[in-house]
Structure formats: C-alpha cells, structure tokens
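Single-letter residue listing:
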Amino acid sequence: GDPLAYAESVRKAMREVAPEAPVYAVRTMESVIGSTLALRRFNMSLMSVFAGVAILLAAIGLYGVIAFSVGLSRREIGLRQALGANRMAIHRLMFGLALRMIVPGILVGLIGALALGRLIASQLYGIGAANPLLLVVVVAVLACVAFVACSIPSLRATAITPMEALRNE
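Description of the pattern of salt bridges
Under the criterion given, the structure shown has three salt bridges. Between Arg11 and Glu8 there is a salt bridge whose closest N-O contact spans 3.8 Å. With Arg11 and Glu8 both in helix 1 (residues 7-17), this residue pair falls three residues apart, about one helical turn. For the salt bridge of Glu8 with Arg15, the shortest nitrogen-to-oxygen distance reads 3.8 Å. Its relative accessible area of 47% is what places Arg15 among the partly exposed residues. A single network of salt bridges, built from pairs that share partners, joins Glu8, Arg11 and Arg15.

Shown next as structure tokens:
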C-alpha cells in the first residue's frame, strides 16, 4: 500500500520507544532520492536539449554544404551525361564526393566525442561517457542527412537534359 499511510503509526511507535526523538517530515525513500537527484536530472535534461539542438545544427550545416557542393557540379554532371554517363554512374560519383567529405568528419567527430566525453563524465547520470549506441545513432543520423543532401541535388541535376545543364550555370 501507500507507505505514507503508516506515518502516524510510526510516530506513535517512536513516541513510545524514544519520546525525546523528533519525528518530522516523514517521506518515502523514493521522494528523498528524487529530491536529491532533481538538480542532476535538470542538468541532464538541459544537456539533452543542447545535444539535440547541436545535432540538428550539424545536420542542417551538413545538408547545406553537401547540397551546395553537389549543386556546383551541375555543369560537370551535364558534361558527363553528354559524354554518355548513365544516371547510376552520376549518382555514384556524387555519393563518392559526399563520402570524401563525411568520413573524415565523422572520424574526427568520434575522436573528439570520446576525448571530451571524459571531461563531462562527472555530469552524466545513467549513461556512460562513451556510449556506443548513442555514437552509432548520431553517426547514422548524420549519414542519413548526407545521403538525402546528396540525393536531392543529384536527382535534380540528372533530371534535366545535358544541354540545359551545360547552358545554365
């Protein structure tokens, strides 16, 4: 049942055993632990929000850079199409361009995350500083963003005729 329902009987028992012992603020152990950890939970919630905003900003920046670089090679795509390249070869070329940008960034980011994770390990509650699942999720999200960022401009560029791509800059 409810542990606080026994508070009055605990007070009576304490008065019988030790009448000089004060009995006040009877609370459950869960509420004591909850109030003790409230500040840490708030800090972790705040850090989680900041981490979410950081990954959102990273995704937006990554999308912008990759989409811009693929968009710049529109003329090259038109030239390759005019010389006989099929759509799959052009998509492969664009994804290779994106991978050359993403792989070094992910490696540097993982090394930085592992190194800086030790600095904030004392602030973490309920999760390790180098949580492999979290790192895999972040890498997967950024890889998906890179895939979309490369796919959309690449599909647009291959949808037009080679003459239009060569004529427009």
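Here the narrative resumes.
As for the packing of aromatic side chains
Evaluation of the coordinates by the stated rule reveals one aromatic pair. Each ring, one from Phe95 and one from Phe147, has its centre 5.2 Å from the other, and the planes form 5°; the classification is stacked. Within this pair, whereas Phe95 is found in helix 4 (residues 87-119), its partner Phe147 is found in helix 5 (residues 132-159), the two being separated by 52 residues in sequence.

A closer look at helix 3 (residues 74-82)
Listing the buried residues of helix 3 in full gives Ile77, Gly78 and Gln81. Buried residues along helix 3 cover an arc of 100° about the axis, so they all sit on one side. Within two residues after helix 3, Gly84 carries a phi angle of roughly 110°, on the positive side.

So, how was this worked out
- The residue numbering used here restarts from 1 in each chain and proceeds along that chain's sequence as written.
- Totals for whole chains, interfaces and linings use every residue, but because this is a predicted model, local features are given only for residues with pLDDT of at least 70 and side-chain atom pairs only at 80 or more, for both listing and counting.
- Only heavy atoms go into the side-chain values, all of them from the structure, while hydrogens and water stay out.
- Basic side-chain nitrogens of Lys or Arg form a salt bridge, by our definition, when they fall within 4 Å of a carboxyl oxygen of Asp or Glu.
- The helix and strand labels rest on DSSP assignments: H or I over at least four residues marks a helix, E over at least two residues marks a strand, and numbering proceeds from the N terminus.
- Relative accessibility decides the category of a residue: with a 1.4 Å probe and only protein chains considered, values under 20% of the type maximum give buried, values over 50% give exposed, and everything between is partly exposed.
- In this scheme Phe, Tyr and Trp rings, the latter by its six-membered ring, pair at centre separations within 6.5 Å, and the angle between planes marks the pair as stacked below 30 degrees, edge-to-face above 60, and tilted otherwise.
- By arc we mean the arc of the directions from the helix axis to the C-beta atoms, nothing more.

Interpretation in functional terms is not warranted from these geometric data alone.
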